[in-house]
Structures are given as C-alpha cells and as structure tokens.
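Read off the chains here:
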Amino acid sequence: MAAARVRSGGRPTLEEVAARAGVGRGTASRVINGSPRVSAQTREAVEAAVAELGYVPNRAARALAGNRTDAIALVVPESETRFFAEPYFSDIVRGVGAALADTEMQLLLTLAGNDRERRRLAQYLTAHRVDGVLLVSVHADDPLPDLLEQLGMPAVISGRRHAAETLPSVDSDNFEGARAAVDHFISRGRRSIATITGRLDVYGAQRRLDGYRKALAAAGHDPDERLIAPADFSEEGGAQAMRELLERRPDVDAVFAASDVMAAGARQVLRESGRRIPDDVALIGFDDSAVARHMDPPLTSVRQPIEEMGRTMARVLLQEIASRSSGAAPEERPRIVLPTELVVRESS
C-alpha cells in the first residue's frame, strides 16, 4: 500500500485502484462514477480498493472525461423586478439548494426576462456548459423548453406549459386549490365571487381559473365574465384588476386572487373604496407566503408546498442526469403534482 502511494507521488491514481481491484481502468471508472453496468462483485472489489488506498476522485478530470460540468442552471424567464418581488421564487431557490446541498453540483441562477437575455442563455446552453436545467414560471410561447429537447439537455419544468407537456414536470394542484378557495366562500354565504387571475399564458394560472369556474358551477352559480379580471401576478396588477371589478360589479362580496401579492394589491384598493375585509368583501390569495401572514387582516390563502416543489424538481433532474450518464434506457418522464391546502385566516 505504501509503495503504491510513493509511486503516485503520495496520491493514489485510478490505475492503482484498478490494479488493486484486479479490473481494468474503465471498469474502475464506471464503479466510481456510479454506473449500474458492473456486477456486484466487481463493485465491492473496486470500493474496497478505493477505501484501502484512500483514493479521492479528481472532480475536474472526472467531469471532463464524462463530458460533465457538475453544474445545473435554475432558469427563471422573468424580470429581475418580479423575481425579487415574489416570495415564490425565493422559496423555489431554497428548496433546490437544500436538495443539492449534499451533492457536488453547483447551482447557477439565471434570469431571462427579455429577448437579449434569452438569446444569451440559448448560446450558453447550446455550448453544454451545464448538465441540466430547472425551468420555473414558463409561459406557453416560451421557446426554451423546445430548445432543451433539441439539445438533449436533461430538464425539469415547474408548472407545465400545457396539458400535453413533454418535459418532466413538478407542480402543485392549482385546480383543487382554487376550487377549495371558492368552496370556502360559498360555505360562508358569499354570492358575488370574483377572481383576479394571473397571466393566462401560464398553465398554472389557467388551472386556477378552471378551478374557480368549476366550484361556481357545482354550486349552481351562473357564470359572469364581469367577475373575472386578468392580471400579471404583481401587486399593481392586482390593484388594477380590483378597480376594474368594482367598476363592473360594485356588489362583489368575495375575491379569489391567484397570488398573495395580487391579493395585497386588491386589499389596498378595497380599503380605498371604503370596503371592509371581510365584512363587506372576503379575500383569499394563493401561495400562503409571508405576505399572507403579515397582511392586516391576515390573509386566507391556498398553501402550495413551494420549497418541496424545488426539492422535488432538483431530485428528478439529478435522476435524469444520472440515467443519461449511465446510458440507461429512458423511463417515462415523471409528471408530479403536489397537494395544496387552504389555510383559513381572518380575511375570509
């Protein structure tokens, strides 16, 4: 053992591990890199040699040899302003970071909120400078998912683009969350129930609107498009939508906003108009973020497990990367939907 260390200048080499285990260099490399294409007996022999010699893989050389970068990109196709204004994104980042904490993967955060940033990102990804991509808040017309598929880049999307999404995806149950919010209003005797939607080129926003409509229909409420006001998930967007709702239907007595941030904008307009919450107008948001807990009155909100979504996305992506690196046959791409929960507070 000592002689082996002297021959390699004090640091055991992969060749020495292979010789100690009685296998070829390529076989030893496959074991160290986690390939399933070795026998259990061979794996045990190589692992024993690694332990005896104190071998530590050269991370840079291993990545180069395997065409790996040991980095993944978290891509948010939104502006910097919206990224820092929405608690949703920081919770996703926290969850992804937690899942990668015990790995060697580096996380690169990339905002791509305009055409110039998207072009630069496309060039970066085309050069295969990361091993995989996590996509958050993708709009229906975003070309990035298709580019990733063309490149053969492992990717996981948070929230599908549409019902027939082809990429692995992780999402919360937007439909049931919205339906639970409206059912709660109905159980409290509210009659003129409005909604402030997010951008409807986001599939999750569409599903929240679908859940709103389904709950009203199930309760026998006639549909009224005047009670639906689209917005953009921002506080100002929520405020503007609330102004429009009050102009069209001054008798509105409940509002389901598709995000807590938009609910905060709606609350401000309701107060300016002299409406009391919840006496005159009940209010529910979506996300159950810190915004909901700190509002006055505290906001009833649909809780989605955002950090868990980030952790799950990262785990699925790591599995995709490992599967492709090992040459394993492709499995069915996962489409994971995590449950939501209505958290009732004083606003409703």
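These figures come from a predicted structure and were not determined experimentally.

**A look at helix α12 (residues 235-248)**
Okay, so step 1: Compared with an ideal rise of 1.5 Å per residue, which puts 14 residues at 20 Å, α12 spans 20 Å between its outermost C-alpha atoms and is within 8% of the ideal.
Okay, so step 2: Gly237, Gly238, Ala239, Ala241, Met242, Leu245 and Leu246 are the residues of α12 that are buried.
Okay, so step 3: The inward-facing, buried residues of α12 contact β6 (193-197), β7 (228-230), β8 (254-257) and α13 (260-272).
Okay, so step 4: At the N-terminal end of α12, a side-chain oxygen is found 2.9 Å from the backbone nitrogen of Gly237, two or three residues along, and the residue is Ser234.

**Examining the packing of helix α3 (residues 25-32) against helix α4 (residues 40-53)**
Okay, so step 1: Axis separation between α3 and α4 bottoms out at 10 Å; the angle between their running directions is 85 degrees. One way to sum up the angle between α3 and α4 is to call them roughly perpendicular. Contacts from Thr27, Ala28, Val31 and Ile32 of α3 reach α4 at Thr42, Arg43, Val46, Glu47 and Val50.
Okay, so step 2: Looking at the contact of α3 with α4 residue by residue, the class counts come to 5 nonpolar, 2 polar and 2 charged.

**What to know about unusual backbone geometry**
Okay, so step 1: Here the amide bond leading from Ile277 into Pro278 is cis, since omega sits at 5 degrees, within 30 degrees of zero.
Okay, so step 2: Residue position: Pro278 is located in the loop between α13 and β9 (282-287).
Okay, so step 3: Asp296 connects to Pro297 through a cis peptide bond whose omega is 0 degrees.
Okay, so step 4: With a phi close to 75 degrees, Phe233 is a non-glycine residue in the positive phi region.
Okay, so step 5: Assignment of secondary structure puts Phe233 in the loop between β7 and α12.
Okay, so step 6: Positive phi values are uncommon outside glycine, yet Asp287 reaches one of about 125 degrees.
Okay, so step 7: Structurally, the position occupied by Asp287 is in strand β9.

**Thoughts on the sheet that holds strand β11 (residues 335-338)**
Okay, so step 1: The 6 strands lie next to each other as β2-β1-β3-β4-β5-β11, forming an open sheet whose pairing is parallel. In this open sheet, the two strands that pair with only one neighbour each are β2 (106-111) and β11. Recorded for the sheet is a direction-independent mean angle of 15 degrees between the axes of neighbouring strands.
Okay, so step 2: In this structure, strand β1 (residues 71-76) lies alongside strand β3 (residues 132-136), joined through 4 bridges in parallel fashion. Among the inter-strand pairings, Ala73 is bridged to a residue of β3, identified as Val133.

**Quick look at the sheet that holds β8**
Okay, so step 1: The 6 strands are arranged β7-β6-β8-β9-β10-β12 in an open sheet whose pairing can be described as mixed. Among the strands making up the open sheet, the edge pair consists of β7 and β12 (341-343). Geometrically, the sheet is characterised by an average inter-axis angle of 20 degrees between neighbouring strands, direction not taken into account.
Okay, so step 2: Where strand β10 (residues 300-303) lies against β12, 3 bridges are found, and the strand directions are antiparallel. Following the sheet pairing, Ser301 is matched in β12 by Val343.
Okay, so step 3: Running at roughly 150 degrees to β7, α12 makes contact with β6, β7 and β8 of the sheet.

**A few points about the pairing of β8**
Okay, so step 1: Burial along β8 is two-sided: the face carrying Ala254 and Phe256 and the face carrying Val255 and Ala257 are both buried.
Okay, so step 2: Where β6 and β8 come together, 4 bridges link them in parallel fashion. Considered in β8, the bridge of Ile193 is made with Ala254.
Okay, so step 3: Bridging between β8 and β9 involves 3 bridges; their strand directions are parallel. Across the sheet, residue Val255 finds its bridge partner in β9, namely Leu283.
Okay, so step 4: Where the polypeptide runs from β8 across α13 and back to β9, its parallel neighbour, the crossover connection is right-handed.

Basis of the calculations
- Residues numbered from 1 in each chain as written.
- Predicted model: local features only at pLDDT ≥ 70, side-chain atom pairs only at ≥ 80, totals over all residues.
- Heavy atoms only, no water.
- Helix = DSSP H or I, 4+ residues; strand = E, 2+ residues; numbered from the N terminus.
- Expected span 1.5 Å × (residues − 1).
- Buried < 20%, exposed > 50% of the residue type's maximum accessible area, 1.4 Å probe, protein only.
- Contact = heavy atoms within 4.5 Å.
- Polar contact = N/O pair within 3.5 Å; in protein donor to acceptor, adjacent residues only side chain to side chain.
- Axes fitted to C-alpha atoms, helices over the stretch in contact; angles between N-to-C directions.
- Parallel < 35°, antiparallel > 145°, perpendicular 65-115°, else oblique.
- Nonpolar A, V, L, I, M, F, W, Y, C, P; charged D, E, K, R; others polar.
- Pairing = 2+ DSSP bridges.
- Right-handed = clockwise from strand over helix to strand, strands pointing away.

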